[in-house]
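For reference, the chains in residue letters:
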Amino acid sequence: MSMRALVVEDDLRIADTVSSTLREAGFSVCHETDGSRAWPLARDADFAIIVLDLGLPGMEGMTLLKR
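Now for a look at the structure at hand. Since the model is a prediction, treat every value here as computed from it, not as a measurement.

Secondary structure assignment for the protein yields 3 helices and 3 strands. Shown N-terminal to C-terminal, the secondary structure of the protein runs as helices and strands in the order β-α-β-α-β-α. Relative to the compact-globule value of 11 Å for 67 residues, the protein shows a C-alpha radius of gyration of 11 Å, a close match. For the protein, the C-alpha atoms occupy an extent of roughly 30 × 25 × 15 Å along the three principal directions. The proportion of buried residues among the 67 residues of the protein is 31%. In the protein, of all internal contacts separated by at least 6 residues, the share reaching a separation of at least 24 is 54%. A total accessible area of about 4200 Å² is found for the protein, and carbon and sulfur atoms account for 53% of it.

In structure tokens form, the structure reads like this:
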């Protein structure tokens, strides 16, 4: 079973690069572009790692991190 990673990044070029690197390292990657849509995933799912952009639409990354 692979480890799961959540990438929360609204810049698709950056998200693709980070996601590809994580997949090469053996992670199963979920990607979200909006902080408010990422919150339920981060709260309810079991991720080994979350890569979080601080400047996100919907909910800022620091707010998401504090929750």
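Once that is clear, we can look at the sheet that holds strand β3 (residues 49-52). One open sheet accounts for 3 strands, arranged β2-β1-β3; its pairing is parallel. Each edge of the open sheet is held by one strand with a lone partner, namely β2 (28-32) and β3. Taking the axes of each pair of neighbouring strands and ignoring which way they run, one obtains an average angle of 15° across the sheet. Where strand β1 (residues 4-8) lies against β3, 4 bridges are found, and the strand directions are parallel.

The rules behind these values
Here the residue index of a chain counts from 1 through its sequence in written order. Under the rules for a predicted model, residues below a pLDDT of 70 receive no local features and side-chain atom pairs below 80 are neither given nor counted, while totals for whole chains, interfaces and linings still include all residues. Heavy atoms throughout the structure, all of them, feed into the side-chain values; hydrogens and water do not. In this text, helices come from DSSP runs of H or I with a minimum length of four residues, and strands from runs of E with a minimum of two, each type numbered from the N-terminal end. The globule rule is 2.2 Å times the number of residues to the power 0.38, and the radius of gyration it is compared with is taken over C-alpha atoms. Each residue gets one of three labels from its accessible area relative to the maximum for its type: buried under 20%, exposed over 50%, partly exposed in between, using a 1.4 Å probe on protein chains only. Any two residues whose heavy atoms approach within 4.5 Å at even a single point are treated as in contact. A 1.4 Å probe and the Shrake-Rupley method give the accessible areas. Residues count as covered only by the protein chains that appear here. In this description, strands pair whenever DSSP reports at least two bridges between them. To get an axis, a line is fitted to the C-alpha atoms, and for a helix only the part in contact is used. The angle between two axes follows their N-to-C directions and goes from 0 to 180 degrees.

By themselves, these are just geometric observations and shouldn't be taken as functional.
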